[in-house]
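# Geometric and topological summary
For reference, the chains in residue letters:
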Amino acid sequence: MQPTSDASVTTGLGEAVQALLPALERFIRFDDRDLAALEHARWRAALDQPLPERGAGAEATLRVLAEVVIPHGLRTGSPGFAGWVTTMPTVVPAAAGFAASIAAAQRFWRHSGNFLEHVALGWLAQLLGLPASCQGTFNSGGSSANLIALGAARQWACEQRGIDASREGVGALQRPRIYASNQVHHVVHRAAGVLGLGRSAVVALPTDRGFRLDVGALRERLRRDAAAGCTPVAVVASAGTVNTGAVDPIREVLQACRDEGVWLHVDGAYGGFGVLDPEVEPLFDGLREADSVAVDPHKWLAVPLGCGATFVRDASLLGRAFTLEPAEYLEGSARHVEELGSQFDDLGHPFHDFNVEQSARSRGVTVWAALQEIGRDGMRARIVRHDGFARRLEGLVRASPVLELLAPVTLSICCFRYVPQGLAPGPGREQALRALNQEIVRRLHAEHHHVPSSTELDGTFAIRPCYINPRTTAADIDDLAQAVERIGAQAWRETVGTAGAW
Ligand SMILES: Cc1ncc(COP(=O)(O)O)c(C=O)c1O
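Computed from a prediction, not measured in an experiment: that's the story for all the values here.

### Remarks on a nonpolar patch on the surface
A contiguous nonpolar patch, built from Leu47, Val64, Leu65 and Val69 and spanning about 260 Å² of accessible area, is present on the exposed surface. Judged by relative accessible area, which is 31%, Leu65 ranks as partly exposed.

### Some thoughts on the nonpolar core
Ranked by internal contacts, the top residues of the largest apolar core, which has 93 residues, are Leu124, Leu264 and Phe311. When we break this core down by domain, the ones giving at least three residues each are domain 2 (92-373) and domain 3 (376-497). Setting aside anything within four residues of it in sequence, one finds Leu124 in contact with Phe138, Phe273, Pro297, Leu301, Ala309, Phe311, Val367 and Leu371. Ranked by size, the runner-up nonpolar core spans 29 residues in total, among them Val409, Phe461, Ile463 and Ile487.

### Observations regarding empty space enclosed by the protein
This structure, assessed with the given rule, holds 2 cavities of 30 Å³ or more. Its volume calculated, the largest cavity comes out at about 60 Å³. Around the largest cavity, the lining residues are Pro79, Gly80, Phe81, Ala82, His450, Val451, Pro452, Pro465, Tyr467, Thr472, Asp476 and Leu480. Of all the elements in the fold, those that place two or more residues in the lining of the largest cavity are β1 (81-82), β11 (451-457) and α16 (474-497).

### Some thoughts on the site of the ligand
In the region of the ligand, 15 residues are neighbours, and Gly142, Ser143, Asp267, Asp296 and His298 sit closest. Within the backbone of Gly142, one N or O atom sits 2.8 Å away from an oxygen atom of the ligand. Counting residues per element, the shell around the ligand draws most heavily on helix α7 (residues 142-160), at 3 residues. Looking at the shell around the ligand residue by residue, the class counts come to 5 nonpolar, 7 polar and 3 charged.

### What to know about the sheet that holds strand β3 (residues 176-181)
The strand order across the open sheet formed by 7 strands is β2-β8-β7-β6-β5-β3-β4, and the pairing between neighbours is mixed. Edge positions in the sheet fall to β2 (135-139) and β4 (202-205), since each of these pairs with one other strand and no more. Geometrically, the sheet is characterised by an average inter-axis angle of 20 degrees between neighbouring strands, direction not taken into account. Pairing of strand β5 (residues 231-238) with strand β6 (residues 264-268), which is carried by 4 bridges, proceeds in the parallel orientation. Within β6, the position partnered with Val235 by the bridge is Leu264. On the sheet, helix α9 (residues 187-194) packs against β3, β4 and β5 and is oriented at approximately 160 degrees with respect to β4.

### Quick notes on the environment of Ala462
Checked against the element boundaries, Ala462 lands in strand β12 (residues 460-464). Judged by its relative accessible area of 0%, Ala462 is buried. When the C-alpha positions of Ala462 and Ala302 are compared, they lie 26 Å apart, and in sequence the two are 160 residues distant. If we skip the residues at most four places from it in the chain, Ala462 touches Leu406, Cys415, Phe416, Ser453, Ser454, Thr455 and Leu457.

### Comments concerning the domain arrangement of the protein chain
When the domains of the protein chain are assigned, the result is domain 1 (36-73), domain 2 (92-373) and domain 3 (376-497). Spacing between the C-alpha centres of domain 1 and domain 3 amounts to 36 Å.

### Quick notes on the packing of aromatic side chains
Using the criterion set out here, one finds 7 aromatic pairs in the structure. With a centroid separation of 5.0 Å and 70 degrees between ring planes, the pair formed by Phe108 and Trp109 is classed as edge-to-face. Using a relative accessible area of 22% as the deciding quantity, one classes Trp109 as partly exposed.

### A look at the packing of helix α10 (residues 215-227) against helix α11 (residues 250-260)
For the pair α10 and α11, interaxial distance at closest approach is 10 Å and the crossing angle is 15 degrees. In this view, α10 runs roughly parallel relative to α11, as classed from their interaxial angle. With respect to the hand of their crossing, α10 and α11 are arranged in right-handed fashion. Contacts between α10 and α11 pair Val215, Leu218, Arg219, Leu222 and Arg223 from the former with Glu252, Val253, Gln255, Ala256, Asp259 and Glu260 from the latter.

### Remarks on the packing of α7 against α9
In helix packing, the relevant descriptors are the interaxial angle and the interaxial distance, both defined with respect to the helix axes. For the pair α7 and α9, the least separation of the axes is 9 Å and the interaxial angle reads 50 degrees. Looking at the two axes, α7 sits oblique to α9. Between α7 and α9 lies a crossing whose hand is right-handed. Along its contact with α7, which presents Gly142, Ser143, Asn146, Leu147 and Leu150, the element α9 presents Val187, Val188, Arg190, Ala191 and Val194. Broken down by class, the residue content of the contact of α7 with α9 amounts to 6 nonpolar, 3 polar and 1 charged.

Basis of the calculations
Residues numbered from 1 in each chain as written. Predicted model: local features only at pLDDT ≥ 70, side-chain atom pairs only at ≥ 80, totals over all residues. Heavy atoms only, no water. Patch = residues over 30% accessible without salt bridge, like charges linked within 9 Å, V, L, I, M, F, W, Y side chains within 5 Å. Areas by Shrake-Rupley, 256 points an atom, 1.4 Å probe, with all protein chains shown as cover. Salt bridge = Lys/Arg side-chain N within 4 Å of Asp/Glu carboxyl O. Buried < 20%, exposed > 50% of the residue type's maximum accessible area, 1.4 Å probe, protein only. Core = buried A, V, L, I, M, F, W, Y, C linked by side-chain atoms within 4.5 Å. Domains from an automatic or database assignment. Contact = heavy atoms within 4.5 Å. 1 Å grid on protein atoms, 1.4 Å probe; cavity = no way out; pocket = protein on both sides within 12 Å on 5 of 7 lines; lining within 4 Å. Points joined across faces, edges and corners; volume = space filled by probe spheres on them. Helix = DSSP H or I, 4+ residues; strand = E, 2+ residues; numbered from the N terminus. Near = heavy atom within 4 Å. Polar contact = N/O pair within 3.5 Å; in protein donor to acceptor, adjacent residues only side chain to side chain. Nonpolar A, V, L, I, M, F, W, Y, C, P; charged D, E, K, R; others polar. Pairing = 2+ DSSP bridges. Axes fitted to C-alpha atoms, helices over the stretch in contact; angles between N-to-C directions. Phe/Tyr/Trp six-rings, centres within 6.5 Å; stacked < 30°, edge-to-face > 60°. Parallel < 35°, antiparallel > 145°, perpendicular 65-115°, else oblique. Left-handed = near helix turned anticlockwise from the far one by under 90°.

If you want it as structure tokens, here you go:
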């Protein structure tokens, strides 16, 4: 036998994890400032190394992880982080993710991880109030959850016209269209491209003053397009837009879809679990009857990143759209079932037939762990707390003479800006406010405690914190309002001092 330099350790898991734990524990205390930003040059130089011809060995590799990688990681879980719609997992789902990467490293076959995919999808459907008869599937996040849902919509729209999209493609489809508000997340456009409908198939419809889809405009456009020979593939309602958290009027959109015979998809990647908050639950009326729903456990449920879920009302449709053809080379084929007698003769719940991934770790283990740990009650408490944070900030903004609310607060996003007192109206006003608020966001990020996002609302630059982070506290909300006032005043003084700088 040839001597081997493959010295990867295959035992001693506890020691390896122990070698990392102190660094990880320190990281998630978030006592240090953001070292990734502060020590950028140093850690990049340490990591930007040529491919090693000979391995450094387990100990040295773990040391680099503990000393360089972990301390300079991404602090999306730090209490002041309120950017995008992303956060870090809480501890138990993170541990479950680690466990699944070892004990449920493949989601098919008959084992506990495969079964927990099934259990966790059932629990999610219950959380959302979806019928038990719908078919769910986990995928890598909101992008793929929407892609898979729209793949099902495409299959259905084609079948209505005698075309099997999965087999024949969509070439025969006349001018396909997907309808959504101008606030819809751009993953929908990308999905339309990937599905062969083309990004330009997405029709961006106007919204009302609350950034909710204008259903009158939708109905009008559906009728006009039908007369022009277009094929409606789906209407996408957002249950929590990424910009403001607006929830489209799902019931009315559903009615328009039923009247025109069009598929209703609800993108609840961010806000779908908002249905748990009794105060906003009525806004989700109609969700249960949607043809498909996308949600993202890796957002508000704080499971490790890489976990979205799609639910389709017609349980057999995902299979028709995405099945892998049976293959003799696979366990689970008829021949293997007859000839073998182990867990491998049964592929378990066939989630690999319901989306575009064959192999994947069992993400259901992480979702199961998150819900097993705190239950529906705990998850509801989180959603209510976070929606409450956005309303708390709204109250502070309304009470402040220098802060201005820029959009209604529906879920856990609050969009606002700083407006210095005495700023004269005039042609340069909006430009000055944009520059000032951009500077405020820049300085907030540089201080490292508060990391909100920013966005554009009808051409107005807005500071946009989004609260889905389980580690955020009410004090962080008050601090953010104060920090914006403090930094705004300082930056404005500097601007006035150097008049014309912006
Ligand atoms: C409403 C909405 N849809 C889809 C997505 C895309 O999700 P992901 O980033 O998990 O792919 C997001 C992300 O923020 C979102 O807010």
